[in-house]
Amino acid sequence: MGELDEQSGWGFETRAVHVGQAPDPTSGAVVPPISLSTTFAQDGVGNHKGFEYSRSGNPTRSALETCVASLERAAHGLAFASGLAAEDNIMRLLKQGDRVLLGNDAYGGTFRLISKVWSPLGFPWTAVDLTNVDTLAAQWLPDTRLVWLETPTNPLLTCIDIESIAELAHARGALVVVDNTFATPYLQQPLRFGADIVVHSATKYLGGHSDVVGGFVALDDDDLAEQIRFTQNAAGAVPAPFDCYLLLRGIKTLALRMDRHCANARAVVDLLVGHPAVDRVLYPQLPDHPGHAAAAKQMRDFGGMVSFTMRTEAAALDVVTHTELFTLAESLGAVESLIEHPGRMTHASAAGSPLEVPDSLVRLSVGIESSADLVADLEQALDRFV
Ligand code: P1T
């Protein structure tokens, strides 16, 4: 049951529950055991059952890697200790002097990794508007080797047409990385649209319960996968077996959770769009949203993240501290609803850069609670301004 090829006929929900997770052959355990052993016995030197040492490979991690690769319809899957560790291992594919084009709206930590960790080592980067492929073609720099895009973006939820970016990048000899954290493989599978590498903060929707930090890389190319597998082991930013188990457990309900996240987000958007205290609502389903057409083309539904601007920063800071069910906290993608102020929290590291976010912006991670309760909670916080 662990072999991906045997599973390719199964639907998404079936793969989420079963791929990589056959009953344990020795005990019959339906839930794969958490394999805590750091090392594995060998019958003779180099003669083992597929595992030698848990940094290089671990049965619980293998189960997770097989499962998520299957969900992304990817030939290869690699799990990491965090989303940023996964990103860092992708950056290691580059050679000194290779340029990264980073979308001008992205998670602040990704911006920090590329601009503050890798750039000083001789890896130039440029922030670009990825919503218009013609502008991108005109601005393209010849040393570009990697285009790094999020869709939907964090925190403005702009959607980027993966296919048109991939066509341009491939014609000019660059790889395309898509951060699929906000969409998840349930809503969007970037490799189908020509992306070379998919990256996840598994900490978010994949885990889904705010109790595990993890990262994931999925890709088809054998050579690139081999290189990333090498640095996964050589640099060692691997997740613990217990974390892999938590991710596998969370992923079983990914489809159910995402359907509810999307439905609840729609209820919240309906409130925000009609509320006089709100300046602008950012949600990919709205017809005037940047990249709505790209979202409609490549996503199954529009996701559980909603952002909006108030009229002033003071109003935004007031709202984020006056909700009860929406907890003021960083992170996203779990069962409970969260609210935050990106300018001062998740994206503070982008202040003064091309990725700086509006100071009146509020970001919601809409959870799976009763939608009426979520709407009422936001409404009472917003009504303070009318
Ligand atoms: O936190 P970590 O698992 O290392 O993942 C980093 C990361 C990567 N990509 C995207 C799109 C992300 O949103 C994140 C982490 N983001 C938050 C913690 C946040 O609140 O936006």
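What follows deals with the sheet that holds strand β11 (residues 338-340). Taken in spatial order, the five strands line up as β8-β9-β12-β11-β10 in an open sheet, and their pairing is mixed. Sheet topology places β8 (280-282) and β10 (327-328) at the edges, where each strand pairs with a single neighbour. Sheet strands touched by helix α11 (residues 254-273): β8, β9 (305-309) and β12 (361-365). Its angle to β9, the strand with the most contacts, is close to 10 degrees.

Glancing now at the packing of aromatic side chains. Centre-to-centre distance and the angle between the planes together describe a pair of aromatic rings. Evaluation of the coordinates by the stated rule reveals five aromatic pairs. Seen in terms of ring centroids, F12 and Y186 are 5.3 Å apart; in terms of plane orientation they differ by 55 degrees. Their pairing is tilted. Placement of the pair is F12 in helix α2 (residues 12-18) and Y186 in helix α8 (residues 184-187), with a sequence separation of 174 residues. The residues F12 and Y186 share a single accessibility class, namely buried. Seen from their ring centres, F40 and F51 are 5.6 Å apart, and the 40 degrees between their planes marks the pair as tilted.

So, about a nonpolar patch on the surface. The grouping of I34, L36 and F242 at the surface amounts to a nonpolar patch, some 290 Å² of accessible area in total. Mapping F242 onto the fold places it in helix α10 (residues 241-251). Taking relative accessible area as the criterion, F242 reaches 43% and is therefore assigned partly exposed.

What follows deals with the site of the ligand. The full set close to the ligand counts 19 residues, and D179, S201, T203, S331 and R363 are the nearest of them. Between K204 and the ligand, the recorded distance is 3.5 Å, taken from a side-chain N or O atom to a nitrogen atom. One of the backbone nitrogen or oxygen atoms of S331 is found 2.8 Å away from an oxygen atom of the ligand. Alone, the ligand offers 480 Å² of accessible surface; in the complex the protein occludes 92% of this. For the shell around the ligand, the element with the highest residue contribution is helix α4 (residues 83-91), accounting for three residues. The residue inventory of the shell around the ligand, partitioned by class, reads four nonpolar, nine polar and six charged. Counting only domains with at least three residues in the shell around the ligand, you end up with domain 1 (2-251) and domain 2 (255-385).

To continue, consider the pairing of strand β1 (residues 76-80). Counting buried positions along β1 yields five of five residues, so the element is predominantly enclosed. Residue alternation in β1 divides its side chains into two sets, H76, L78 and F80 and G77 and A79, and both sets are buried. Here five bridges tie β1 to strand β7 (residues 215-219), and the two strands are oriented antiparallel to one another. For A79, the partnering residue across the bridge sits in β7 and is F216.

Further remarks concern the domain arrangement of the protein chain. The domain boundaries assigned to the protein chain delineate domain 1 (2-251) and domain 2 (255-385). Taking only C-alpha atoms into account, the centre of domain 1 sits 26 Å from that of domain 2. Of the residues lining the interface, 44 residues belong to domain 1; the matching set on domain 2 comes to 42 residues. Note on domain 1 versus domain 2: buried area summed over both sides is about 3,400 Å², and carbon and sulfur give 62% of it. Of all residues in domain 1, the largest losses of buried area upon contact with domain 2 belong to Y186, L187 and Y205, amounting jointly to 23% of the total for that side. Here domain 1 and domain 2 share two salt bridges between them. Among the ionic pairs, E163 bridges to K297, the shortest N-O distance being 2.7 Å. Counting the contacts that link domain 1 with domain 2 gives 19 residue pairs in polar contact (both at pLDDT 80 or more).

Cut-offs applied
Residues numbered from 1 in each chain as written. Predicted model: local features only at pLDDT ≥ 70, side-chain atom pairs only at ≥ 80, totals over all residues. Heavy atoms only, no water. Pairing = 2+ DSSP bridges. Helix = DSSP H or I, 4+ residues; strand = E, 2+ residues; numbered from the N terminus. Contact = heavy atoms within 4.5 Å. Axes fitted to C-alpha atoms, helices over the stretch in contact; angles between N-to-C directions. Phe/Tyr/Trp six-rings, centres within 6.5 Å; stacked < 30°, edge-to-face > 60°. Buried < 20%, exposed > 50% of the residue type's maximum accessible area, 1.4 Å probe, protein only. Patch = residues over 30% accessible without salt bridge, like charges linked within 9 Å, V, L, I, M, F, W, Y side chains within 5 Å. Areas by Shrake-Rupley, 256 points an atom, 1.4 Å probe, with all protein chains shown as cover. Salt bridge = Lys/Arg side-chain N within 4 Å of Asp/Glu carboxyl O. Near = heavy atom within 4 Å. Polar contact = N/O pair within 3.5 Å; in protein donor to acceptor, adjacent residues only side chain to side chain. Nonpolar A, V, L, I, M, F, W, Y, C, P; charged D, E, K, R; others polar. Domains from an automatic or database assignment. Buried area = accessible area lost by both parts, 1.4 Å probe.

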